Amino acid sequence: MATSPALDVPAEPPAKRRKVSPEPPGRNDTLAATAASPPAVADLAEQLDEQERKKYVKGKKIGSGQYADVFSAHLVTNPTKLVAIKKIKVGPEVKEFGISYDSLREIKFLQELDHPNIIKLHSVFSTKNQNLNLVLEHLPQGDLLKLIQDSQGITYTPADIKSWMLMLCRAVYFCHANSVLHRDIKPNNLLIAANGEIKLADFGLARAMADPFQPMTYNTITIWYRPPELFFQAQHYGGAVDVWSVGCVFAELIAREVMFRAWPENEINMVKIICEKVGTPTEDNWPGVSKLRGYVTPGDVVPLRPREEWLANFRAIGDIGVDLLIKMLTLDPRQRLTAEGVLRHEFWTANPRPSRLEDLPRKGGGVEAMGESLKQRGGELPRDGGGAANGRADRVARKIDFGNMKK
Amino acid sequence: MSPVSKRDPRLGGGGGGGPDGELHTVMRGLSLQAPMPTDTGPAEVCPVCKSSRYLNSSLRFLVNPECYHKMCESCVDRIFSHGPAQCPIPGCRRTLRKHRFREQTFEDIQVEREVDIRKKVQAVFNKREEEFEGLREYNDYLNDVEDITFNLVNNIDVEETGRRFEAYQKANEKEIEENAQLAQQEKVSFSAMQKAERQQARERRDAARREENDERREVEENKRDVLNRLASGADAETVAKEGQQVQLKKRMDRQAATERQRQLQAASDSRNGSSNFVVKGLKAKQKAEPEAPIDPFGGIRIASKYFTLQDHYVWEGIQDTQKDVKHIAGGYDVRDYTHRSLCAAFSGLGVFIADEMTERDRATQDSEAIGTVRADIGLKDSLMADPL
């Protein structure tokens, strides 16, 4: 465990027996040992891998990024059954660290979680040079970000917002109930299926909930959706971090602009803007906050924003909706609603009724949008186009993670 | 107004022997008994004024659905012009109104009466098949309705049946109204559709005839033209060729025009069709209105039947987190950990490998996926598989 480069990843490699892990040919694996004696015959793992690979016909590339390429594909046996294959690019770090943790996490958690509002991982296989291929559900309708940003072309109602949020909250509740923190909830990780359903995708930053006294990284979640406790470098946190992100998405859906948009996007500015829009975290409204390692607050203490101000800003969603929003964007993570608490809120059963799937507005961004979204790496801000992302790699979670390990 | 419930017992029902409810008597009453002593006899004589058709060929007989006694038009005028009056037939004390008199449709007065009753019952019991969950329920409903109708027609338990009838009418006022409107709409749209279809057929026929005429005329003209030009001394071959070309061109033009026409027609057809369809769809939607209440959890609740989670467990490792300010302030909830631990401890209980495997095989539809299945199981073994 001491050699593990990131605390985030469980000590035991979760995919120990999987064919996807690059196995050195000489290794004494239980699976390989049975079949590997004559070198001419491929070992059992490879055979299985090939079987899996041959089930799909890869189609055209629908997205390409620094981190992964995304292809459209379909089953050999049934051409109408479409899937998306996310082929993770082999970077230089593979030699040093093996497969990236993002892909490991993604595979590990997506295999566990089977829920209508979470993207399905149909299978995983590798190709010649140990490339990882994730066979994912085909989600042709783009992502939620596209809908939010197209303020000219798309209008939606509070009922639509409620419907989307309900699907998102169900997914988050399901994750938390299964002890998984997603840690990267944002509109462009919410893909839309052909029938209009929202699917939570990109588990590249997810992890299982930690044991007591097992530290987790605070440098996770895309910065605009990161909760205050992570800016204060809390290393022991829970599902509340995801609930904050969900609250940010909720606010973004209503206002059609990012709730906490700091520019330039660094932690200090983010804390500043959260203080401005919600209130300054103090010992009064958040017992113990000043003991957190990174606790700093800018200048004057801003009192907690009164309810009326929230109501004025988010009038469209109604009183009950604003109440839910306030409870999701509560500074103190212990006072914030849990994912289950969110679902128990009266907002969902109040009028208006959530829109039916077939009535939800569509963007029809098409497969390209899916490719665009899937190729990204966790924690990246999508808005500045692919080019700028390269330059800002120093803000990506994993990179800083590695630095932290050396302490 | 409930004429149905206060029917003259002399009508049908075996002359008062009916109310005992015995079917065969009733049937006998219906089929054998002469419904009215007054309307027998080949010579049609008005039972009131005794004038006969023999003397007055324009004599018209009317009945009132209150008691179905027959009398001639002039008697009706005479007796009921000044407002409601008693039926002039001896022994019948019903008060009749003039506007309710009408001509008899069926020769047999019993049939006339039954049809009236059925109409009345149908107007109230107008539920549709699509409102029922299944054929069985619908048939049960039809059976009930028929019971009521039968009772009314044959004067069995008239009071009781009438009460039921009225209670139903009162309770379902709104739905009855809705269905009646629906039926009305359907009738209107059906007749409109038929009319439109007839119109279209007529237009098509006309167009075909016109086209034929045009073609014939053009051929004639062309021939004449060629002859004229030949007569004026042009070269025979070129003239013939030109003539053919002209004809060909005209025909092409005509074909293009008809094609355009046809497309137009198709477009309007589809528009008509879709408007009809939309109306139908809307109706169906209104039917499906009562939706189930929203379940925020979407039917997925994660709760274990094997353990209940407590807020406190006596173990330092756990209790310390509740004292450690960093855990508290960061929002770490030790219950997440205890929940997961308990899940891990109890997972596997109540899981039967054989069932699971068949389930999986069915899901993947492919026995070759065993490789992935095994890997999945391996993963679940390694950590945090919480089937509970």
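Quantities reported herein were computed from a predicted structural model and do not represent experimental measurements.

Q: Can you lay out the pairing of strand β5 (residues 132–137) of chain A for me, pointing to particular residues and giving the numbers?
A: Strand residues, when the strand is regular, have side chains that alternate between the two faces of the sheet. All names here are of chain A. Among the six residues of β5, six are classified as buried, and the element is accordingly described as predominantly covered. Of the strand pairs in this sheet, strand β3 (residues 82–88) and β5 are connected by six bridges, and their pairing is antiparallel. In the strand pairing of β5, I88 is matched with L132. Once strand β4 (residues 121–126) ends, the chain turns through five residues before running back antiparallel as β5, passing Q130 with a positive phi of about 60 degrees.

Q: With reference to specific residues and values, describe a positive patch on the surface.
A: A surface patch of positive charge is lined by K195, R198, R202, R204 and R205 of chain B. Residue position: R205 of chain B is located in helix α6 (residues 173–231).

Q: Which residues make up the packing of helix α8 (residues 316–323) of chain B against helix α10 (residues 334–346) of chain B, and what values go with them?
A: Residues and elements named next belong to chain B. One way to put it is that α8 packs onto α10 with a least axis distance of 10 Å and a crossing angle of 160 degrees. Taken together, α8 and α10 sit at an angle that is classed as roughly antiparallel. For the pair formed by α8 and α10, the contact residues are I318, T321 and Q322 on the first element and V334, Y337 and T338 on the second. Of the residues belonging to the contact of α8 with α10, the class tally is three nonpolar, three polar and no charged.

Q: Tell me about the packing of helix α4 (residues 135–154) of chain B against helix α5 (residues 158–171) of chain B, and name the residues and values.
A: Residues and elements named next belong to chain B. In the contact formed by α4 and α5, the axes pass within 9 Å of each other and the chain directions differ by 130 degrees. By the angle between their directions, the pair α4 and α5 is classed as oblique. The two elements α4 and α5 cross, and the hand of that crossing is left-handed. Taking contact as the criterion, the partners of Y141, I148, N151 and L152 in α4 are, on α5, T161, R164, F165 and Y168. Among the residues making up the contact of α4 with α5, the classes are represented as five nonpolar, two polar and one charged.

Q: Please set out the sheet that holds β4 of chain A residue by residue, giving values where relevant.
A: All names here are of chain A. Taken together, five strands build an open sheet; the order of strands is β1-β2-β3-β5-β4 and the sheet is antiparallel. Lying at the two open borders of the sheet, with one neighbouring strand each, are β1 (56–64) and β4. Neighbouring strand axes in the sheet, compared pairwise and without regard to direction, differ in orientation by 25 degrees on average. Packing of helix α2 (residues 44–53) onto the sheet brings it into contact with β1 and β4, and relative to β4 it is tilted by some 125 degrees. Running at roughly 40 degrees to β5, helix α4 (residues 101–112) makes contact with β3, β4 and β5 of the sheet.

Q: Got a sec to walk through the UniProt feature "binding site: ATP" (unreviewed entry) in chain A? Specific residues and values, please.
A: All names here are of chain A. With numbering matched to this structure, UniProt assigns "binding site: ATP" (unreviewed entry) to K87. If you trace the backbone, K87 turns up in strand β3. Beyond its immediate sequence surroundings of up to four residues, K87 is in contact with K58, A68, D69, F71, T127, N131, L132 and N133.

Q: Before we move on, can you summarise the side chain of N117 of chain A with the specific residues and values?
A: All names here are of chain A. Relative to the elements of secondary structure, N117 occurs in the loop between α4 and β4. N117 gets classed as buried once you look at its relative accessible area, which sits at 3%. Only 3.0 Å separates the side chain of N117 from the backbone oxygen of I198, close enough to count as a polar contact. Other than its neighbours up to four places away in sequence, N117 contacts M167, R170, A171, E197, I198, K199 and L200.

Q: Residues and numbers for the packing of aromatic side chains, please.
A: Taken as a whole and judged by the stated rule, the model has 16 aromatic pairs over all chains. Measuring from ring centre to ring centre gives 6.5 Å for Y306 of chain B and F346 of chain B, while their planes differ by 0 degrees; the resulting arrangement is stacked. Taken together, the residues Y306 of chain B in the loop between α7 (236–287) and α8 and F346 of chain B in helix α10 connect sequence positions 40 residues apart. Residue class for Y306 of chain B comes out partly exposed when judged on its relative accessible area of 29%. One aromatic cluster is present, built from ring pairs that chain together F125, Y138, Y141, F165 and Y168 of chain B. Directly above the ring of F71 of chain A sits K58 of chain A, whose terminal nitrogen or CZ lies 4.4 Å from the centroid. The residue whose ring lies beneath K162 of chain A is F347 of chain A, and the NZ or CZ to ring-centre distance is 4.5 Å.

Q: Quick one: what's the story with the confidence of the model for chain B, residue by residue and with numbers?
A: Residues and elements named next belong to chain B. Of all residues in chain B, 75% have pLDDT values of 70 or greater, and the mean over the chain is 75. Confidence drops under a pLDDT of 50 for residues 1–42, and excluding neighbours within four residues, the segment shows 61 contacts in the predicted structure. Low pLDDT (under 50) marks residues 270–288, which in the prediction has nine contacts with non-local residues, meaning those over four places away or in another chain. With a pTM of 0.56, the predicted complex shows an ipTM of 0.75.

Q: Describe in detail the sheet that holds strand β2 (residues 70–72) of chain B, supporting the description with residues and values.
A: All names here are of chain B. Across the sheet, which stays open at both edges, the three strands sit in the order β2-β1-β5 with antiparallel pairing between neighbours. The open sheet has two free edges, formed respectively by β2 and β5 (102–103), since each of these has just one partner strand. The strands touched by helix α2 (residues 73–80) within the sheet are β1 (61–63) and β2, with β2 carrying the most contacts at an inclination of about 90 degrees.

Q: Explain the nonpolar core to me, using residue names and the numbers behind them.
A: Ranked by size, the top nonpolar core spans 109 residues in total, and within it M165, L200, F203, F250 and F260 of chain A carry the most contacts. Here this core gets 13 residues from one element, more than from any other, and that element is helix α6 (residues 158–177) of chain A. Excluding anything up to four places from it in sequence, M165 of chain A contacts V246, V249, F250, L253, M328 and W348 of chain A. Core analysis: the second largest hydrophobic core is formed by 16 residues, C46, C72, F80 and I89 of chain B among them.

Q: Explain α2 of chain A residue by residue, including any values.
A: Restricting attention to buried positions, one finds in α2 of chain A the residues A45, D49 and E52 of chain A. Along the axis of α2 of chain A, the buried residues cluster in a sector spanning 60 degrees; they form a single face.

Conventions and cut-offs
Residues numbered from 1 in each chain as written. Chains lettered and ligands numbered in written order. Predicted model: local features only at pLDDT ≥ 70, side-chain atom pairs only at ≥ 80, totals over all residues. Heavy atoms only, no water. Buried < 20%, exposed > 50% of the residue type's maximum accessible area, 1.4 Å probe, protein only. Helix = DSSP H or I, 4+ residues; strand = E, 2+ residues; numbered from the N terminus. Pairing = 2+ DSSP bridges. Patch = residues over 30% accessible without salt bridge, like charges linked within 9 Å, V, L, I, M, F, W, Y side chains within 5 Å. Areas by Shrake-Rupley, 256 points an atom, 1.4 Å probe, with all protein chains shown as cover. Salt bridge = Lys/Arg side-chain N within 4 Å of Asp/Glu carboxyl O. Lys, Arg positive; Asp, Glu negative; His and termini not counted. Charge placed at Lys NZ, Arg CZ, Asp CG, Glu CD. Axes fitted to C-alpha atoms, helices over the stretch in contact; angles between N-to-C directions. Parallel < 35°, antiparallel > 145°, perpendicular 65-115°, else oblique. Contact = heavy atoms within 4.5 Å. Nonpolar A, V, L, I, M, F, W, Y, C, P; charged D, E, K, R; others polar. Left-handed = near helix turned anticlockwise from the far one by under 90°. UniProt positions renumbered as here; feature names shortened; annotations may be inferred. Polar contact = N/O pair within 3.5 Å; in protein donor to acceptor, adjacent residues only side chain to side chain. Phe/Tyr/Trp six-rings, centres within 6.5 Å; stacked < 30°, edge-to-face > 60°. Lys NZ or Arg CZ within 6 Å of the ring centre and 35° of its normal. pLDDT = per-residue confidence, 0-100. Core = buried A, V, L, I, M, F, W, Y, C linked by side-chain atoms within 4.5 Å. Arc of directions from axis to C-beta.

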